[in-house]
Amino acid sequence: MDAARRDVHPLSSPGRVGSGIRKYAVACGVMAGCVIGAFATGAIEEAPRLATRLGQATVVVHGRVSRVEPFDHDRVRVIHLSIDGTLKGGERLAGLAGAVEIVEMRDRPAAPALLDAGDTALVFLRRARRGSYLDATLGPGRRWEIAGGVQGRVRDRDPMVTSEAAELVERIVGRSRAPAETQGERAAERRAWVFDALGARHAALVEDGAAGLDEISGLAASLSDPERATIERALGRSDLPPRVRAAVFRGVADAGLRSMATTLASVPVRDAVTLRAAWGARTSLGAPPEEAEIALRLRDGDSEVRAVAVRFLAHTLDPEGIEPVAEFLASEPDASVRVATLEALGPLSGGRATELLERAFVEDDELLVRQAAGRVLFERGGDAAAESFGRLAYRGSAEGQRHAVALLLALGRPADDPMVERIRSEHPDPSVRELAEHGFRDGHH
């Protein structure tokens, strides 16, 4: 392995071990952290609730896109929307003859369009800010922009789909303008809306309905058969984006619907995003995936699915019985999945997890994985991390040993720490002894 690949360039002030070393330690983890983030957290940006979008918009209409005009090499588009109905702000559209012009600013010509000719759409609008560029490009005029970009429109080629969305949003507007008299009636209206949205055809409505499940007081004890059927249909819809299907699984878990745990286990799931949510929901409801089910997904052809599976496997096993994880790590060809595996080992106590992390730090062929191993060990902190780096300071390549010493120092060990003293006085590599004594020297100071 090329020695240059085994380390990253360090930064520090001369003659001191301090913030520079810590910055170096952070830098070592940046690339690995990006990959870990993709597999570990599963964080997905949630779409704003429809009520929030209503509040952000001054005008809400639905209709059909009659044409789209490009300007300035398609850096700007003007979307001409023929209005079929106005849900909010109709007084602001006086004199526009049933149509509205929507400005779309584009950062590159190949960017996906907000709306295309022939689309039907429900759009959340605000006045487009005037500027010299738009005035020069489009001339004077009263135009609008979509509040929130892609999150500010619900579009479909089928007018029945967007009409259904408009009707559900109009019900939100109606509840705001004329709320029901009693708390019970208001709760019943919100509950009915949630399940109507969950059963709607457009994904944006389904996602909003899923988010509303845990807002229904006492739902677990009062779930009706029709409501259960609506949830089951939403869970099983293969036409929904993974993000939305995941939202339905999370909604069931957040609402504490333990009676649906068996249903969740029976729903076919293929992609990593939905699988992570499905298994997380089942775990939350007391019916986590069994080891055999996880083992099947460890052999999946999708690397992201394997990453999800190994994380659940590590969480399922006893810390002293993690040989299945060790076997998987040894045979996994994808570096990103090996990173995810190391991250799963991080919280586990016991010598075997530590051994696997230290081995990856020294032996893995990929720099990204070695960096991830160092990052995971560093995040353990305290004596456990220090002892690991104290051992790793004597193993592997010279660059790897310096990396271990840098991470040991970044833990903030006291100046008279025996491990650091030993490295300063006894390490066979003069460059490692120098690092332990003075830290990294930065030629810029």
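These numbers come from a predicted model, not from an experiment.

1. Here we look at helix α17 (residues 367-380)
Here α17 spans 20 Å end to end across 14 residues, near enough to the 20 Å set by a 1.5 Å rise per residue. The set of residues buried in α17 consists of L368, V369, R370, Q371, A372, A373, G374, V376 and L377.

2. Points about the packing of aromatic side chains
Overall, the coordinates contain two aromatic pairs when judged by the stated rule. Their ring planes at 80° and their centres at 5.2 Å tell us that W279 and F312 sit as a pair that is edge-to-face. With W279 in helix α11 (residues 272-284) and F312 in helix α13 (residues 303-316), this pair connects stretches of sequence that are 33 residues apart. Note on accessibility: W279 and F312 belong to one class, buried. Over the aromatic face of W144 sits the side chain of R127, whose NZ or CZ is 5.4 Å from the ring centroid. One residue, R422, lies across the ring of Y394, its end atom 4.5 Å from the ring centre.

3. Section: helix α8 (residues 225-236)
A rise of 1.5 Å per residue sets the reference length of α8, with its 12 residues, at 16 Å; its end C-alpha atoms lie 16 Å apart and thus fit the reference within 8%. Burial in α8 covers these residues: E227, T230, I231, A234 and L235. Down the axis of α8, the sector holding all buried residues measures 135°, keeping them to one side. Among the exposed residues of α8, those oriented more than 90 degrees off its buried face are D225, P226 and R233.

4. Some thoughts on unusual backbone geometry
Apart from glycine, the bulk of residues carry a negative phi angle, and the bulk of peptide bonds sit in the trans form. Positive phi, close to 55°, is recorded for H73, a residue that is not glycine. Its place among the elements puts H73 in the loop between β1 (59-71) and β2 (76-88). For H73, a relative accessible area of 68% gives the class exposed. With a phi close to 70°, D74 is a non-glycine residue in the positive phi region. Within the secondary structure, D74 sits in the loop between β1 and β2.

5. Description of the nonpolar core
Among the nonpolar cores identified, the biggest contains 105 residues, and L122, F195, L198, I231, F249, L342 and L345 are the most heavily contacted of them. The element best represented in this core is α13, accounting for eight residues.

6. Description of the environment of L368
Among the secondary structure elements, L368 is positioned in helix α17. Taking the C-alpha atoms as reference, L368 lies 8.2 Å from S336; in sequence the two are 32 residues apart.

7. What about the side chain of R106?
Topologically, R106 is positioned in the loop between β3 (99-105) and β4 (120-127). Its relative accessible area of 7% is what places R106 among the buried residues. Once residues lying within four places of it in the same chain are set aside, the contact partners of R106 are D74, R75, R77, A111, P112 and A113.

8. Comments concerning the confidence of the model for the chain
Per-chain confidence: the chain averages 88 in pLDDT, with 88% of residues scoring 70 or above. Every residue in residues 1-21 is under pLDDT 50, and counting partners more than four places away or in other chains gives 54 contacts. Scored below 50 in pLDDT, residues 23-42 makes 45 contacts in the model with residues more than four places away or belonging to other chains.

9. Concerning the pattern of salt bridges
For side chains bearing opposite charge, pairing can occur when the charged atoms are close. Across all of its chains, the model carries 36 salt bridges by this definition. In this structure, D383 engages R413 in a salt bridge whose closest nitrogen and oxygen atoms are separated by 3.1 Å. Taken together, the residues span a long stretch of sequence, with D383 in helix α18 (residues 382-392) and R413 in the loop between α19 (398-410) and α20 (418-426) at a distance of 30 residues. In this structure, D417 engages R413 in a salt bridge whose closest nitrogen and oxygen atoms are separated by 2.8 Å. Residues participating in the shared-partner salt-bridge network are D74, R77, E104 and R106.

What counts as what
- Residues numbered from 1 in each chain as written.
- Predicted model: local features only at pLDDT ≥ 70, side-chain atom pairs only at ≥ 80, totals over all residues.
- Heavy atoms only, no water.
- Helix = DSSP H or I, 4+ residues; strand = E, 2+ residues; numbered from the N terminus.
- Expected span 1.5 Å × (residues − 1).
- Buried < 20%, exposed > 50% of the residue type's maximum accessible area, 1.4 Å probe, protein only.
- Phe/Tyr/Trp six-rings, centres within 6.5 Å; stacked < 30°, edge-to-face > 60°.
- Lys NZ or Arg CZ within 6 Å of the ring centre and 35° of its normal.
- Arc of directions from axis to C-beta.
- Core = buried A, V, L, I, M, F, W, Y, C linked by side-chain atoms within 4.5 Å.
- Contact = heavy atoms within 4.5 Å.
- pLDDT = per-residue confidence, 0-100.
- Salt bridge = Lys/Arg side-chain N within 4 Å of Asp/Glu carboxyl O.

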